[in-house]
Amino acid sequence: MMQARLMTFFLTICLAVSFASPALAGNPGSLACYHAADQVDCFLGKASTTFERVKDTAGRADAAAELLYTLAVLGAENDRLLQQAMTLASQPPLAPYREMALLYAIDLYHFSLESPLATASYAAATARFAALESSLQGHDLLDLYIGACSMVGWEDDFLGRWGDFLPDNCNEEKLLALNLESDYDRAWLLAMMPVAATVAGDRDSYVRNAGIALSWLEQARKQAARSRNLDQRNSIDSMGAVMQSLNATSLDIFDQPDSASEAINQALRYVHNLEQHGGISGKTTPLRRTLAEALYKAGRDREAKTLMKQMLARIDKDPQGKRVPLAEQVAILALAANLADFVESGGANAAPAAETQNL
């Protein structure tokens, strides 16, 4: 979850055969999956065929981790997929945070299936994290810690498995010790500090750090509003959506549902600002994915489905991945499968909710 830099997943040709919905085999539109007899199979099948067309290693790794995580959530087994993920994780050009995202997903896959290899996969991931932590610095080390902090948005069972690792590697002390040079990285540091406080279960520290982050955001927003630089305004709106999405997660953990819901609303407004000029694109869909999941968990099902349908309609019109990269399309389809299973299993609140009108 969190942002594109934290998201990763993949699938193969054989998965297209095993996961595709026969009822919709001739229909190319992903929106049609909502009318399939088995929505989960349909979305996974379309994710698999899209993955086949992802050519670059970084994109395949990103798509792979997303899809493997979804299979772990669903308790679905595919050893061929696992082997491809392991191959991707071992390729030297892969950025450290992408490598760790794959190793986390591989472990969760083993864990979800109660595989005897789960002990080894956990040990391999933690050992690799320690090795990378000792060799990285600055921006790359920040990325590594952001990946660890992103666990806070995992499913409860998965979060419990990594419960000892998380507070050791997503904490205020390690974040504050980073030597960061760019304003972008320092903004991400501000965004991560409330997450670290949440992981520690320190409500007072969360309130303090969230206040600092939002004060910075407000000042940056005012400054950007006076600027004619669209890239600067977009950067602030993007960070605003990230910060408020993370706040929604933290407030939910601290059992503040009303405040969490308002944080989602604020994040949606920032996404709306981003899309005023360019519409839905690969720059906004990672934010939309995070918010769609948060809306479902908050019982705001209609709004969540609206976000998902808008993204699916966008990628249905973009088969070449010009506006939404193919790897991100895989992530969208994987989330659609996850949320379809969430709804089918009765996880979503059935209470009516107003549609989001401004997105």
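The model shown is predicted, which means the values in this text are computed figures rather than measured ones.

Student: Give a detailed account of helix H6 (residues 118–135), specifying residues and quantitative values.
Tutor: Helix length check: H6 (18 residues) gives 26 Å between terminal C-alpha atoms against 26 Å at 1.5 Å per residue, within 8%. Of the positions making up H6, those classed as buried are Ala118, Ser121, Ala125, Phe129 and Leu132. Seen end-on, H6 carries its buried residues on one side only, within an arc spanning 70 degrees. Across H6 from its buried face, at more than 90 degrees, point the exposed residues Thr119, Ser134 and Ser135. Among the structural elements, helix H5 (96–112), helix H7 (138–149), helix H8 (156–161) and helix H9 (165–169) are those in contact with the buried residues of H6.

Student: Got a sec to walk through the state of the cysteines? Specific residues and values, please.
Tutor: Scanning the entire structure with this criterion turns up two disulfides. Across the disulfide from Cys149 sits Cys170; the S-S distance is 2.0 Å. In this structure the cystine formed by Cys149 and Cys170 twists about its S-S bond by roughly 105 degrees; its chirality is therefore right-handed. Residue Cys149 is found in helix H7, and its partner Cys170 is found in the loop between H9 and helix H10 (172–176); the two are separated by 21 residues along the sequence. Judged by relative accessible area, which is 1%, Cys170 ranks as buried. Ordinal numbering of bonded cysteines along the protein defines a disulfide pattern of 1-2, 3-4.

Student: Which residues make up the layout of surface pockets, and what values do they have?
Tutor: Size it by volume and the largest pocket reaches roughly 600 Å³. Taken together, 26 residues make up the lining of the largest pocket; nearest its centre are Ala248, Thr249, Asp252, Ala294 and Lys297. Of all the elements in the fold, those that place two or more residues in the lining of the largest pocket are H8, helix H13 (230–253), helix H14 (257–278) and helix H15 (285–297). Looking at which element gives the most residues to the lining of the largest pocket, the answer is H13, with six residues. By residue class, the composition of the lining of the largest pocket is 15 nonpolar, six polar and five charged.

Student: A description of the packing of helix H12 (residues 203–225) against H13 should follow, citing residues and the corresponding values.
Tutor: One way to put it is that H12 packs onto H13 with a least axis distance of 10 Å and a crossing angle of 160 degrees. Judged by the angle between their axes, H12 and H13 are roughly antiparallel. Where H12 crosses over H13, the handedness of that crossing is left-handed. Where H12 abuts H13, its residues Tyr206, Ala210, Ala213, Leu214, Trp216, Leu217, Ala220, Arg221, Gln223, Ala224 and Ala225 lie against Gln232, Arg233, Ile236, Met239, Gly240, Met243, Gln244, Asn247, Ser250 and Leu251. Classifying every residue of the contact of H12 with H13 gives 13 nonpolar, six polar and two charged.

What counts and what doesn't
Residues numbered from 1 in each chain as written. Predicted model: local features only at pLDDT ≥ 70, side-chain atom pairs only at ≥ 80, totals over all residues. Heavy atoms only, no water. Helix = DSSP H or I, 4+ residues; strand = E, 2+ residues; numbered from the N terminus. Expected span 1.5 Å × (residues − 1). Buried < 20%, exposed > 50% of the residue type's maximum accessible area, 1.4 Å probe, protein only. Arc of directions from axis to C-beta. Contact = heavy atoms within 4.5 Å. Disulfide = S-S within 2.5 Å. 1 Å grid on protein atoms, 1.4 Å probe; cavity = no way out; pocket = protein on both sides within 12 Å on 5 of 7 lines; lining within 4 Å. Points joined across faces, edges and corners; volume = space filled by probe spheres on them. Nonpolar A, V, L, I, M, F, W, Y, C, P; charged D, E, K, R; others polar. Axes fitted to C-alpha atoms, helices over the stretch in contact; angles between N-to-C directions. Parallel < 35°, antiparallel > 145°, perpendicular 65-115°, else oblique. Left-handed = near helix turned anticlockwise from the far one by under 90°.

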